[in-house]
There are 2 protein chains.
Amino acid sequence: MRVLGVDPGLTRCGVGVVDGVAGRSLTMLGVGVVRTPADDQIGARLVLIEQGIEAWIDEYQPEMVAVERVFSQHNVRTVMGTAQASAVAMLCASRRGIPVALHTPSEVKAAVTGSGRADKAQVGAMVTRLLRLSAPPKPADAADALALAICHIWRAPAQNRLQQAVALHASKGRTR
Amino acid sequence: MRVLGVDPGLTRCGVGVVDGVAGRSLTMLGVGVVRTPADDQIGARLVLIEQGIEAWIDEYQPEMVAVERVFSQHNVRTVMGTAQASAVAMLCASRRGIPVALHTPSEVKAAVTGSGRADKAQVGAMVTRLLRLSAPPKPADAADALALAICHIWRAPAQNRLQQAVALHASKGRTR
């Protein structure tokens, strides 16, 4: 499974592509950041993010796009920009028919470090190890995008089993 | 000036097109709502909003798009959806080179009713009167989209004068 992870943000939108299946080794295909100038108008910034995400999808043809699920607990200004950037990423994937998965920051941290409360350095260190890189990807948004992709590859089988169980239960319910 | 007003929302995105200039009578060209099913996946809903906004822009060729500025004070869940829908509207306009203006709900209410704390009914009544309609547009999101367009037409001259003053001041600063 090839997954494009997106850590959404207006100023820096982390992107990373990982290839792999659960239980086997993972391969990083690419990592980077889509940046937009903070003094540009919001509409222009969203267009730049769209062009950036499109270019990554064109180049790597991912089967899935994993985007960080945005919450509104933190800084209000940042959260609005994050929600808007994530909307563009989801739009780019969905209009090509590529499934979108959302994972919370704590799901991602728990997947790659074993703890939902791990810090940035720990996430960066585990991403480096799991993808056999020579150094942690910089900036942190890039490492987070790879962590999102890894999280999705590892969680997908469990999610599929859950969906199968639900489907089985539903079909049993119908024949009962 | 022809303005497309957008009252962003995931479930109901109000859209309304108004033609006019400040100080002269206004004409409504169209009003409606772009709806998306609440049980669809978020990516699919954003694609539907994109298609809806694109269709309105294609049909009415607005010179400006006025979008409600989203704040994060209210219901957290709603606000995230509103921010995401507004991102799609701004993206659709900006990538065609159509300028986007943002107005706060209280600016819009003050523009059409004289009070920034007017209620929905008051806004609907004034939109009906100003556009010489036979009844208030339903649902409220549609009326709000028209109010946004009217607000923009009326505020634009003041904003232009302000920008000219700023530009003049800046050019004087350079020659000093």
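Scroll up to find the structure this text is about.
Residues numbered from 1 in each chain as written. Chains lettered and ligands numbered in written order. Predicted model: local features only at pLDDT ≥ 70, side-chain atom pairs only at ≥ 80, totals over all residues. Heavy atoms only, no water.

A. Seen up close, the interface of chain A and chain B. Listed per partner, the contact involves 24 residues of chain A and 24 residues of chain B. Across the chain A/chain B interface, buried area totals approximately 1,800 Å², and carbon plus sulfur atoms make up 75% of it. Counting every contact that joins chain A to chain B gives two salt bridges. One salt bridge connects Arg95 of chain A with Glu50 of chain B, and the closest N-O pair in it is separated by 2.4 Å. Inspection of the region where chain A meets chain B yields four residue pairs in polar contact (both at pLDDT 80 or more). Elements with a minimum of two residues in the side of chain A that touches chain B: helix 1 (42–60), helix 2 (76–94) and strand 5 (100–103) of chain A. A total of 11 residues in the side of chain A that touches chain B trace back to one element, the largest contributor, which is helix 2 of chain A. (Contact = heavy atoms within 4.5 Å. Buried area = accessible area lost by both parts, 1.4 Å probe. Salt bridge = Lys/Arg side-chain N within 4 Å of Asp/Glu carboxyl O. Polar contact = N/O pair within 3.5 Å; in protein donor to acceptor, adjacent residues only side chain to side chain. Helix = DSSP H or I, 4+ residues; strand = E, 2+ residues; numbered from the N terminus.)

B. Fine view of the sheet that holds strand 3 (residues 27–35) of chain B. Residue and element names in this part refer to chain B. Strand order in the open sheet made by the five strands is 3-2-1-4-5, with mixed pairing throughout. Looking along the sheet, the strands with just one partner apiece sit at the ends: strand 3 and strand 5 (100–103). Across this sheet, the average inter-strand angle for adjacent strands is 20 degrees, counted without regard to direction. Here strand 1 (residues 2–7) pairs with strand 2 (residues 12–19) via six bridges, running antiparallel. Across the sheet, Leu4 pairs through a bridge with Val17, a residue of strand 2. (Pairing = 2+ DSSP bridges. Axes fitted to C-alpha atoms, helices over the stretch in contact; angles between N-to-C directions.)

C. The arrangement of the relation of the copies chain A and chain B in detail. The operation relating chain A to chain B is a screw motion whose rotation component is 180 degrees, with 0.0 Å of axial translation and a residual RMSD of 0.1 Å. Look at the turn and shift together and you get a two-fold axis relating the two. Closest approach to the rotation axis within chain A is made by the C-alpha atom of Gln84 of chain A, at a distance of 2.5 Å. When the interface residues of chain A are mapped onto chain B, 100% of them again fall at the interface, so both copies present the same face. (Least-squares fit on C-alpha atoms with pLDDT ≥ 70 in both.)

D. Geometry of the environment of Arg35 of chain B. All names here are of chain B. Relative to the helices and strands, Arg35 resides in strand 3. We classify Arg35 as exposed; its relative accessible area is 55%. Sequence separation between Arg35 and Ile49 is 14 residues; the distance between their C-alpha atoms is 7.5 Å. Setting aside residues no more than four positions away along its own chain, Arg35 makes contact with Thr11, Arg12 and Pro139. (Buried < 20%, exposed > 50% of the residue type's maximum accessible area, 1.4 Å probe, protein only.)

E. The pattern of salt bridges, seen in detail. One pass over the full model with this rule turns up 18 salt bridges over all chains. Shared partners join several salt bridges into a network, and the residues in it are Glu50, Glu54, Asp58, Arg95 and Arg96 of chain A together with Glu50, Glu54, Asp58, Arg95 and Arg96 of chain B.

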